Structure formats: structure tokens, C-alpha cells
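In case you want the letters, here they are:
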Amino acid sequence: GSYHHFEFKTTTRPIHMDSFGHVNNSSYLVLFEDARWDILNKGNWEVDKIQKEKIGPVLLHVDLSFKSELNLGENIVIESYLLKIKNRKVIQFYQELRKENGIVASVAVFEIGLFDLKTRKLINITDEWLRVLGGR
């Protein structure tokens, strides 16, 4: 897309494993979330700010595909970018998890909104929010 692409590097850990010795399906969501928090922190949108301003991101929908198994101790890279602005309240955010050899292990598209913790409602996407997510 025309938006900024982010890269987050990490390594699979024992906590991510299932009884087959592979990364558990639910751990992919954790890894994708780690990458999103890295983007938020780099964009100065930390937990403190969210708690102070009472506005933060919420996941509304996820479309998650598993392409290749992941094992313990694998170095991975997660590429993330703003896919599109769906409407005034919802963005689509693409994330792809790749192994060191470039093989794609998982892809996900998240629908994310901005939630007002005071009114308990979604609010319109802000320019600041788009900037943090790599919007131009």
C-alpha cells in the first residue's frame, strides 16, 4: 500500500508452544499484538497516554490464516501496515509473520477502531491516530 510499512523482529519462546511443539494458534495473535504495541510505543501512543486520555484502539474483527508451522526459537519478522480506511470509524490493518528464510507463516487483517473509554463508544478516526499507524 501507499502507507508506511513497519517491521518487528522477535523470537518464538516456550510460552508460545502447543503440545505438538509448534507455536499455538492463539500465540499468533499475541505475536501480532506485540508488533502493534511496538508501533504504538514508537508513535508515542503508550498505555499511559491511553489511560490518561481515555481513548485507545480496539479490535473489531480479525481474519487470520496459518500458512506454515513455526517452531521454538525461530527468529521471525512481522511486517505491518495500514491496509485501508474502511469508514469513519474503522481501519483495516495488515500483518504478515515471516520466518527467517522468508517463508510466510501467517497473515492477518485486523479491523480496528478507536474507542472512547468514557462514553464506551467508537469515535471517528483521528489524524493523530492515522499518523501513528503510518498514514501519510
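Note that the structure is a prediction, hence the values are computed from the model and not measured.

Conventions adopted
Residues numbered from 1 in each chain as written. Predicted model: local features only at pLDDT ≥ 70, side-chain atom pairs only at ≥ 80, totals over all residues. Heavy atoms only, no water. pLDDT = per-residue confidence, 0-100. Helix = DSSP H or I, 4+ residues; strand = E, 2+ residues; numbered from the N terminus. Buried < 20%, exposed > 50% of the residue type's maximum accessible area, 1.4 Å probe, protein only. Pairing = 2+ DSSP bridges. Phe/Tyr/Trp six-rings, centres within 6.5 Å; stacked < 30°, edge-to-face > 60°. Lys NZ or Arg CZ within 6 Å of the ring centre and 35° of its normal. Core = buried A, V, L, I, M, F, W, Y, C linked by side-chain atoms within 4.5 Å. Contact = heavy atoms within 4.5 Å. Lys, Arg positive; Asp, Glu negative; His and termini not counted. Salt bridge = Lys/Arg side-chain N within 4 Å of Asp/Glu carboxyl O. Polar contact = N/O pair within 3.5 Å; in protein donor to acceptor, adjacent residues only side chain to side chain. 1 Å grid on protein atoms, 1.4 Å probe; cavity = no way out; pocket = protein on both sides within 12 Å on 5 of 7 lines; lining within 4 Å. Points joined across faces, edges and corners; volume = space filled by probe spheres on them.

Peer 1: Provide a residue-level description of the confidence of the model for the protein, including the pertinent values.
Peer 2: With 99% of its residues at a pLDDT of 70 or more, the protein shows a mean pLDDT of 95. Element-level mean pLDDT values for the protein span from 91 in helix α2 (residues 47-53) up to 98 in strand β4 (residues 90-99).

Peer 1: Give me the lowdown on the pairing of strand β1 (residues 5-11), citing residues and values where you can.
Peer 2: Of the two faces of β1, only the one carrying F6, F8 and T10 is buried; H5, E7, K9 and T11 on the other face are not. Examined bridge by bridge, β1 and strand β3 (residues 75-85) share seven bridges and lie antiparallel to one another. Note on β3: the bridge partner recorded for K9 is V77.

Peer 1: Got a sec to walk through the packing of aromatic side chains? Specific residues and values, please.
Peer 2: Taken as a whole, this structure holds four aromatic pairs when the rule is applied. Each ring, one from Y28 and one from F66, has its centre 4.9 Å from the other, and the planes form 75 degrees; the classification is edge-to-face. Taken as a pair, Y28 in helix α1 (residues 25-42) and F66 in strand β2 (residues 55-66) lie far apart in primary sequence, 38 residues in all. A relative accessible area of 3% means that Y28 is categorised as buried. The class of F66 is partly exposed, set by a relative accessible area of 45%. When the ring centre of F110 is taken as origin, the NZ or CZ atom of R36, which lies over that ring, is 4.3 Å away.

Peer 1: Break down unusual backbone geometry for me, citing the residues and quoting the values.
Peer 2: For N44, which is not glycine, the phi dihedral falls at a positive 60 degrees. Mapped onto the elements of the fold, N44 is located in the loop between α1 and α2. Take N44: its relative accessible area is 53%, and that puts it in the exposed class. Positive phi outside glycine occurs at R120, with the angle close to 60 degrees. The topology assignment puts R120 in the loop between β5 (104-116) and β6 (121-123).

Peer 1: Break down the nonpolar core for me, citing the residues and quoting the values.
Peer 2: Counting 30 residues, the largest nonpolar core has I91, L97 and W129 as the members making the most contacts within it. Among the elements that line this core, the one with the most residues is α1, at six residues. With sequence-adjacent residues up to four places away left out, W129 is seen in contact with L40, W45, P57, I112 and L114.

Peer 1: So what's going on with the environment of D48? Residues and values would help.
Peer 2: Inspection of the secondary structure puts D48 in helix α2. Separated by 61 residues in the primary sequence, D48 and V109 have C-alpha atoms spaced 26 Å apart.

Peer 1: Give me the environment of F93: which residues, what numbers.
Peer 2: Examined against the element boundaries, F93 turns out to sit in strand β4. Residues F93 and L59 lie 34 residues apart in sequence; the distance between their C-alpha atoms is 10 Å.

Peer 1: Explain the side chain of D116 residue by residue, including any values.
Peer 2: Take D116: it is sitting in strand β5. With no salt bridge to any partner, buried D116 finds its closest opposite charge in K118, at an N-O distance of 4.0 Å. A polar side-chain atom of D116 sits 2.7 Å from the main-chain amide nitrogen of K118.

Peer 1: Explain the layout of surface pockets to me, and be specific about the residues and the numbers.
Peer 2: Empty space within the largest pocket amounts to approximately 250 Å³. Along its surface, the largest pocket is lined by 13 residues, and R36, W37, L40, P57 and L59 are the ones closest to its centre. Of all the elements in the fold, those that place two or more residues in the lining of the largest pocket are α1 and β2. For the lining of the largest pocket, the leading source of residues is α1, giving five residues.

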